[in-house]
Amino acid sequence: MYLPSWLSQLYRGLSRPIRRTTQPIWGSLSRSLVLSSQRRNPEFSSFVVRTNTCGELRSSHLGQEVTLCGWIQYRRQNTFLVLRDFHGLVQVIIPQDESAASVRKILCEAPMESVVQVSGTVISRPAGQENPKMPTGEIEIKVKTAELLNACKKLPFEIKDFMKKTEALRLQYRYLDLRSFQMQYNLRLRSQMVMKMRDYLCNLHGFVDIETPTLFKRTPGGAKEFLVPSREPGKFYSLPQSPQQFKQLLMVGGLDRYFQVARCYRDEGSRPDRQPEFTQIDIEMSFVDQTGIQSLIEGLLQYSWPNDKDPVVVPFPSMTFAEALATYGTDKPDTRFGMKIIDISDVFRNTEIGFLQDALSKPHGTVKAICIPEGAKYLKRKDIESIRKFSADHFDQEILPVFLNTNRNWNSPVANFIRESKRPELIRLMETQEEDVVLLMAGEHNKACSLLGKLRLECADLLETRGVVLRDPTLFSFLWVVDFPLFLPKEENPRELESAHHPFTAPHPSDIHLLYTEPEKVRSQHYDLVLNGNEIGGGSIRIHNAELQRYILATLLKEDVKLLSHILQALDYGAPPHGGIALGLDRLICLVTGSPSIRDVIAFPKSFRGHDLMSNTPDSIPPEELKPYHIQVSWPTDSKAAKAH
């Protein structure tokens, strides 16, 4: 086959083996970040006035003349100070002799967090004064010259990781918060993981990095989208919640393998664990099946995983949606600990206990239970009452605590009856030990599993506050969840269907015949990647047949196909089979770094209400600036809303 010269050169470049070297680039931190690169050492001091960074100097640099730039972090008795930059800390000796009075004046009078430039000689610290906790702890700088580059005013908080600061204050002064070692670590690790992902996808596997538009049109179904006005009356753009349509169109266009670090937007209101703008690693491939996508992602994470963490072990285990719900009560189970849901319906088939008998007589009726290890030892009576109240308030369900191996005087009569009559069978099924507590409930299968799934996590939280270690924070437990339903009943009208994932997801090959008779039973070719109980990725094999796509949109989902006419037309013009996935980068980095919030791994995040506290965004716009967009603001008339404005 003839290839144009530019294309053959491109393919030769893509197929050339990549030489990898491993270099620590942040040796000043207790945790080193490791960078794979074709270059041996990153040149941190190229193109700038410094000769070295504060964190790189060691005994091997003794006698060298250096120029350093950074922030004054600490000063003691006007004899020495600690200088900090992005790379680490170094101790600087303040000269005491009269000939260096001007240097002494600058370094003694500059406020903390002022920016200075110093030049001097690397010398050894006096014997016995070395600091083994500091990577530069064997040396110090004997200063000859100093320059105050910028004095710092009194700060709203100290730049120290151990200082307690409210999140609102951190977000208001985000540019100061970014100076902390933890934020520096998080953002640099994020950068390096993305770089390695790009290397793996583009250089090792021939993916093409393509930017897709931010201004698009409204997409039916899914999350709410932000609207952007245009100068045409009544016409608006939408900010895409994902590049879903574009990446499918790229497959129709023959690009074969697409990748993008994609900026996405969802107008979901106040949600503590979400951001209105977020980033995902977006991937699409032609001529691929579910197994191929999963293998690609496992290799991607293994390749990009930080070297200061335990290696990622592949392949990841897999579980169907039905298994996940039945065993863990959720489609994103945390598999680091047990407390699995057990079906104990058979034990009570012939029971005389009214509420159990009533539950089992109904369609999909069941009796389920979880075992709380050493619950009798660690849970107090108020904890059990709180669990029962949660079940009643949120699920309108009765939860029954049963102490199988210990008789508690606050057991209910029903619990005592179960303990006495069914104890051997339950101990065998639940595999209980001394001091364990069983939480039992009866009801419809999905509802019972969902409740016990939430109680499983609530009880894990309670046990861990009492010192029991259930979820190892250093363990990363990946899991694929597959065979999701293709459709779900709409909440507002259960007789109508909506897409469980999105309307472009292909049905399971074994269930296609059910589309025309019992669509609610159709499984999809959708798959989620779960890490420690958090969904960090989701994707599917797509519909590439225009007729099938039109039937699902128009007949089953009752969507206006005109909104997606471009997609339907493209599928008619020789669309290849294709599929893809998107990894939530913010959530992934949050879990890798052990951060309490995704806001700790984003440089400039929004508050949980969607506000930028630093710049006071969103902000109002003068009426004259709205005129070109044919928009007028309709102010709320109620008093509360009026006060808010």
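Look up a bit, the structure's there.
Let us look at the structure shown here. (Residues numbered from 1 in each chain as written. Predicted model: local features only at pLDDT ≥ 70, side-chain atom pairs only at ≥ 80, totals over all residues. Heavy atoms only, no water.)

### What about the sheet that holds strand 15 (residues 365–372)?
Line of reasoning, step 1. Strands sit in the order 14-15-17-16 across an open sheet of four strands; the sheet is antiparallel. Of all strands in the sheet, those bounded by a partner on one side alone are strand 14 (342–343) and strand 16 (400–402).
Line of reasoning, step 2. Where strand 14 lies against strand 15, two bridges are found, and the strand directions are antiparallel. Pairing of Asp343 across the sheet is with Lys368, part of strand 15. (Pairing = 2+ DSSP bridges. Helix = DSSP H or I, 4+ residues; strand = E, 2+ residues; numbered from the N terminus.)

### Focus: the sheet that holds strand 12 (residues 277–286)
Each strand in a sheet pairs with its neighbour through backbone hydrogen bonds, running either in the same direction (parallel) or in the opposite one (antiparallel).
Line of reasoning, step 1. Spatially, 8-11-12-23-22-21-18-13 is the arrangement adopted by the eight strands of the open sheet, whose pairing is mixed. Every interior strand has two partners, whereas the edge strands, strand 8 (208–209) and strand 13 (318–320), have only one.
Line of reasoning, step 2. Sheet topology places strand 13 next to strand 18 (residues 478–482); three bridges connect them, and they run parallel. If you follow Met319 over to strand 18, its bridge partner there is Val481.
Line of reasoning, step 3. Sheet strands touched by helix 6 (residues 244–252): strand 11 (257–265), strand 12 and strand 23 (578–584). Its angle to strand 12, the strand with the most contacts, is close to 20 degrees.
Line of reasoning, step 4. Against the sheet, helix 16 (residues 585–593) makes contact with strand 12, strand 21 (526–531), strand 22 (534–541) and strand 23, and its axis sits at roughly 140 degrees relative to strand 22, the strand it touches most. (Contact = heavy atoms within 4.5 Å. Axes fitted to C-alpha atoms, helices over the stretch in contact; angles between N-to-C directions.)

### Notes on helix 2 (residues 101–109)
Line of reasoning, step 1. For helix 2, every residue scored as buried is listed here: Val103, Leu107 and Cys108. Projected onto a plane normal to the axis of helix 2, the buried residues spread over an arc of 115 degrees and lie on a single side. Exposed residues lying more than 90 degrees from the buried face of helix 2 are Ser102 and Glu109.
Line of reasoning, step 2. As for helix 2, its buried residues are in contact with strand 3 (65–76), strand 4 (80–85), strand 6 (115–124) and strand 7 (139–150). (Buried < 20%, exposed > 50% of the residue type's maximum accessible area, 1.4 Å probe, protein only. Arc of directions from axis to C-beta.)

### Some words on the environment of Asp346
Line of reasoning, step 1. Along the chain, Asp346 falls in the loop between strand 14 and helix 9 (354–360).
Line of reasoning, step 2. Residue Asp346 is classed as exposed on the basis of its relative accessible area of 63%.
Line of reasoning, step 3. Counting along the chain gives 20 residues from Asp346 to Thr366, while the straight-line C-alpha distance between them is 9.0 Å.
Line of reasoning, step 4. At a separation of 3.2 Å, a polar atom in the side chain of Asp346 contacts the side chain of Arg349. (Polar contact = N/O pair within 3.5 Å; in protein donor to acceptor, adjacent residues only side chain to side chain.)

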